[in-house]
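# Structural features, examined
Each chain, letter by letter, is given below.
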Amino acid sequence: MSEPTAPDPATVCARPPVSPPSTIPPLAPPLQLSSVYQFADVATVDAVYEGEMRGFVYARDAHPNAYQLASKVAELEGGEAALVCASGMAAESALMLGLLQHGDRVALAEGIYGRTTLLVARELARFGVEYDLFDQSRPETLRAILTSRTRLAFVETLSNPLLRVADIAGLAEVARPAGVALAVDHTFAPLLCRPLELGADYVIHSATKSIGGHSDVTLGLLVGSKRDIARITPIASTFGLTGNPFDSWMALRGIATLAVRTERSTANALDLAHRLEAHPSVVQVNYPGLAAHPDHALACQILKSGFGAMVSFDVGGRVQAERFIKSLAHIPYAPSLGDVATTLSHPTTTSHRFQTPEEWSRQGITEGLIRLSVGIEAVEDLWIDLNQALAQL
Ligand SMILES: Cc1ncc(COP(=O)(O)O)c(C=O)c1O
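Residues numbered from 1 in each chain as written. Predicted model: local features only at pLDDT ≥ 70, side-chain atom pairs only at ≥ 80, totals over all residues. Heavy atoms only, no water.

## Some words on the overall build of the protein chain
For clarity, the cut-off: Only runs of H or I of at least four residues qualify as helices and only runs of E of at least two qualify as strands under DSSP, and these elements are numbered from the N terminus. Our radius of gyration looks at C-alpha atoms and nothing else; its globule reference is 2.2 Å times the residue count to the power 0.38. Relative accessibility decides the category of a residue: with a 1.4 Å probe and only protein chains considered, values under 20% of the type maximum give buried, values over 50% give exposed, and everything between is partly exposed. When charges are counted, Lys and Arg contribute as positive and Asp and Glu as negative, whereas His and the chain ends are disregarded. Think of each charge as sitting on NZ of Lys, CZ of Arg, CG of Asp or CD of Glu.
Assigned secondary structure in the protein chain consists of 14 helices and 11 strands. Over its C-alpha trace the protein chain gives a radius of gyration of 23 Å, about what one expects of a compact globule, namely 21 Å for 393 residues. Viewed in the frame of its principal axes, the protein chain has a C-alpha envelope of about 90 × 50 × 35 Å. In the protein chain, which comprises 393 residues, the share counted as buried stands at 52%. Computing the positive centroid from 30 side-chain charges and the negative centroid from 41, the protein chain places the two 2 Å apart.

In structure tokens:
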């Protein structure tokens, strides 16, 4: 036998490093970027695949950072399990691809995020899935459109952009006996209520928004029963919809401050909504915490920790909206939401730009509508900026 020789530097460079010789766990969650895990033998890989041994194989299927984030979000929502997806849209797609097949129908709330409507109305239609619209604040309108082919009802706790409230408990009373799964997009209302406790079957978050909280994460979450999530998870992996380690790690860090951010931004939003309502240049304010909001009573009933950080308001038309956006000194026009800093969006040129003017007017979305995502700044500073921009109108 020949003497073992030292490996060539090229080999040393390329080989994976040794594992640190520590059995003491770190306090902060380690970021584990590996896309794959190494196995001593075939029996071990068999045991992991068959569920006889705990472990990870391939990051698209599962990885430690997604496991930690999913556990945290399932606990927050009072759910049994959660799936981390590559974006909010990926979480919605995972749910729909997991649940639906050719010939099924979706009951879709009217006036929700434009891309969600597009996913159902345009993309799922290509696979023979059709849809019917209903008013999420009036469960009787869901009852009226249910058919024997309806499999899924999809709503938003607070709709984007008009902040209409979903009567989750009332909708569940209609959906459950009909065998229709109720999914609630909770992106605008994390921590304000728990849709699963109100009777929903699934909760969805775009973690890109408040959960991430700093506009540096793109991720989505689907929460549900252990059985449902176990069934959807391999489908999501096959379609390539699952989330990556780095964003999962970042989202977990974001959640650490979610409660204090929500408390502050919600208080700021209520204050600004009152001020905007009293301003002569503002045609209409949509905020469920205002007595004038059509769903105020329902909001008081289901939202136990405030009315959220989103406010939308109409400044009269496209020209006024453009002038207002340009006049702001500090609040950026950045078409997302949920950041620590206040940002704004203009739905007809961003989140709902793929819809026709007829579709906008059916939903009550106008070209003068501004959607404000309120942050954690001092509210006086926010008002100074908003007020001086309104004065330009
Ligand atoms: C209410 C709502 N749901 C879902 C999404 C989609 O999330 P993502 O951008 O992470 O795919 C958005 C995005 O704006 C949203 O506003």
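## Focus: the site of the ligand
Here is the rule we go by: Here, proximity means that at least one heavy atom of the residue falls within 4 Å of the molecule or strand. Within 3.5 Å is the distance limit for a polar contact, defined as a pair of N or O atoms, with the added protein rule that one can donate a hydrogen and the other accept it, and that residues adjacent in sequence qualify only through two side-chain atoms. Each accessible area is a Shrake-Rupley result for a 1.4 Å probe, and residues are judged covered by the shown protein chains and nothing else. When residues are grouped by polarity, Ala, Val, Leu, Ile, Met, Phe, Trp, Tyr, Cys and Pro land in nonpolar, Asp, Glu, Lys and Arg in charged, and all others, Gly among them, in polar.
Not every one of the 15 residues close to the ligand is listed here, only the nearest: Gly88, Met89, Asp185, Ser206 and Thr208. In the model, an oxygen atom of the ligand is placed 2.8 Å from a nitrogen or oxygen of the glycine 88 main chain. Note that a nitrogen atom of the ligand is positioned 2.6 Å from one of the side-chain N or O atoms of aspartate 185. In isolation the ligand exposes 390 Å². Once the protein is present, 91% of that is buried. Broken down by element, the shell around the ligand gets its largest block of residues, three residues, from helix α4 (residues 88-99). In terms of residue class, the shell around the ligand is made up of five nonpolar, six polar and four charged.

## What about the sheet that holds strand β9 (residues 310-314)?
For clarity, the cut-off: Pairs of strands are assigned from DSSP output, requiring at least two bridges between the strands. To define axes, lines are fitted to C-alpha atoms, for helices over the stretch in contact only, and angles between the resulting N-to-C directions are given on a 0 to 180 degree scale.
Taken together, four strands build an open sheet; the order of strands is β8-β9-β11-β10 and the sheet is antiparallel. This sheet does not close on itself; its edge strands, each paired only once, are β8 (284-286) and β10 (343-345). Neighbour-to-neighbour, the strand axes of the sheet open up by a mean angle of 25°, direction not taken into account. By the bridge criterion, three bridges tie β10 to strand β11 (residues 369-373) in an arrangement that is antiparallel.

## Overview of the domain arrangement of the protein chain
Put simply, the rule reads: These domain boundaries are the output of an automatic or database domain assignment. Note on contacts: a residue pair is in contact if any heavy atoms of the two residues lie within 4.5 Å. Defined here as a combined quantity, buried area equals the accessible surface (1.4 Å probe) lost by two parts on assembly, summed across both. Any Lys or Arg side-chain nitrogen located within 4 Å of an Asp or Glu carboxyl oxygen qualifies as a salt bridge.
The domain architecture assigned to the protein chain consists of domain 1 (42-255) and domain 2 (258-391). If you average the C-alpha positions of domain 1 and of domain 2, the two centres end up 25 Å apart. Every contact between the two is made by 39 residues of domain 1 and, on the other side, 38 residues of domain 2. Surface buried jointly by domain 1 and domain 2 totals about 3100 Å² across both partners, of which 62% is contributed by carbon and sulfur atoms. It is Leu162, Leu163 and Leu192 in domain 1 that bury the most area against domain 2; as a group they hold 21% of the surface buried on that side. Viewed at the interface, domain 2 and domain 1 are joined by two salt bridges. Two residues, arginine 362 and glutamate 110, come together in a salt bridge whose shortest N-O distance is 3.1 Å.

## Quick word on a nonpolar patch on the surface
Let me state the cut-off plainly: Patches here: salt-bridge-free residues with over 30% relative accessible area, like charges joined within 9 Å, nonpolar side chains (Val, Leu, Ile, Met, Phe, Trp, Tyr) joined within 5 Å.
The grouping of Leu31, Leu33 and Phe246 at the surface amounts to a nonpolar patch, some 260 Å² of accessible area in total. Along the chain, phenylalanine 246 falls in helix α9 (residues 245-255).

## A few points about the pairing of strand β3 (residues 130-134)
The line we're drawing: Seen with the strands pointing away from the viewer, any crossover whose path from the first strand over the helix to the second strand runs clockwise is right-handed.
Of the strand pairs in this sheet, strand β2 (residues 105-109) and β3 are connected by five bridges, and their pairing is parallel. Considered in β3, the bridge of alanine 107 is made with aspartate 132. Each parallel crossover has a hand, and the one from β2 via helix α5 (residues 114-123) to β3 is right-handed.

## Details of unusual backbone geometry
A cis geometry characterises the amide bond from asparagine 160 onward to proline 161, with omega recorded as 15°. Here proline 161 lies in the loop between β4 (150-156) and α7 (168-175). The phi angle at leucine 163 is positive, at roughly 60°, despite the residue not being glycine. Secondary-structure assignment places leucine 163 in the loop between β4 and α7. Relative accessible area serves as the criterion here: at 0%, leucine 163 is assigned to the buried category. A positive phi is found at leucine 191, a non-glycine position, where the angle reads about 75°. Looking at the secondary structure, you find leucine 191 in the loop between β5 (181-185) and β6 (202-206).

## Brief notes about the sheet that holds β2
In space, the seven strands of this open sheet follow the order β1-β7-β6-β5-β4-β2-β3, with mixed pairing throughout. Here the strands that pair on one side only, and so sit at the sheet edges, are β1 (81-85) and β3. Across the sheet, the mean angle separating the axes of adjacent strands is 20° when strand polarity is ignored. Examined bridge by bridge, β1 and strand β7 (residues 220-224) share five bridges and lie antiparallel to one another. Bridge assignment links alanine 82 to a residue of β7, and that residue is valine 223. On top of the sheet, α7 reaches β3, β4 and β5; it is set at about 155° to β5, its chief contact.

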